[in-house]
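Here is how the chains run, residue by residue.
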Amino acid sequence: QVQLVESGGGLVQAGDSLSLSCVVSGRTISTDTMAWFRQTPGKDREFVARIAWQDSSTYYTDSVKGRFAIVRDNARNTVYLQMNSLKPEDTAIYYCAARQFRRTTYDYWGQGTQVTVSE
C-alpha cells in the first residue's frame, strides 16, 4: 500500500518560514515526479511546485517563486517544501503528490497538512 504522509504544517506569522516534509512508503520515488499542491476552502486545488526525477529540475507557480524551494531525497523517499517569507495568502492545506514515469496525472496523494499564516 502506497502512503504519502505530510508533516511540518502549523500556525506562523507573516514573514516566518516553515519546512514541510512528505515521506513516501510502499514504493520508491526515484523515478517519480514529486509535487506539492495546496487548497483553500471553496477553491480548486492549486499547483505549487514540482521536482523532476531525472535531474531534480524544479518548477514553481509564480506566486511562490523566490520564496519556496522543493527538494527531494530519494535515499529517504522524502520530498520537502521549504517555505520562506510566508504570506497570509499562503494559508492552505498543503498536499504532496507523486506522478509515475510516463504518466500525465498524479497517481498518489497525501492527506495534507495545514499551514496558517497570520498577519
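This is a predicted model, so every value here is computed, not measured.

## What to know about the state of the cysteines
Thinking step 1. All chains considered together, the criterion is met by one disulfide.
Thinking step 2. Between the sulfur of Cys22 and that of Cys96 lies a disulfide, 2.1 Å long from S to S. Handedness of the Cys22-Cys96 disulfide follows from its S-S torsion of about -80°: it is left-handed. With a gap of 74 residues between them, Cys22 in strand β3 (residues 18-25) and Cys96 in strand β9 (residues 92-99) connect regions that are remote in the sequence.

## Observations regarding the nonpolar core
Thinking step 1. If you look at the biggest cluster of nonpolar residues, it comprises 26 residues, and the most contacted ones within it are Trp36, Leu81, Met83 and Tyr94.
Thinking step 2. If sequence neighbours within four positions are ignored, Tyr94 has contacts with Glu6, Leu20, Trp36, Phe37, Arg38, Val48, Phe68, Leu81, Met83, Gly112, Thr113 and Val115.

## Brief notes about the pattern of salt bridges
Thinking step 1. Within this structure, the stated rule accounts for seven salt bridges.
Thinking step 2. A salt bridge links Arg27 to Asp32, with the nearest nitrogen and oxygen atoms 2.8 Å apart.
Thinking step 3. Take Arg27: its relative accessible area is 21%, and that puts it in the partly exposed class.
Thinking step 4. Given the relative accessible area of 0%, Asp32 is considered buried.
Thinking step 5. Here Arg38 makes a salt bridge to Glu46, at a shortest N to O gap of 2.8 Å.
Thinking step 6. Classification of Arg38 as buried rests on a relative accessible area of 6%.
Thinking step 7. Through salt bridges with shared partners, one network takes in Arg38, Glu46, Arg67 and Asp90.

What counts as what
- Residues numbered from 1 in each chain as written.
- Predicted model: local features only at pLDDT ≥ 70, side-chain atom pairs only at ≥ 80, totals over all residues.
- Heavy atoms only, no water.
- Disulfide = S-S within 2.5 Å.
- Helix = DSSP H or I, 4+ residues; strand = E, 2+ residues; numbered from the N terminus.
- Core = buried A, V, L, I, M, F, W, Y, C linked by side-chain atoms within 4.5 Å.
- Buried < 20%, exposed > 50% of the residue type's maximum accessible area, 1.4 Å probe, protein only.
- Contact = heavy atoms within 4.5 Å.
- Salt bridge = Lys/Arg side-chain N within 4 Å of Asp/Glu carboxyl O.

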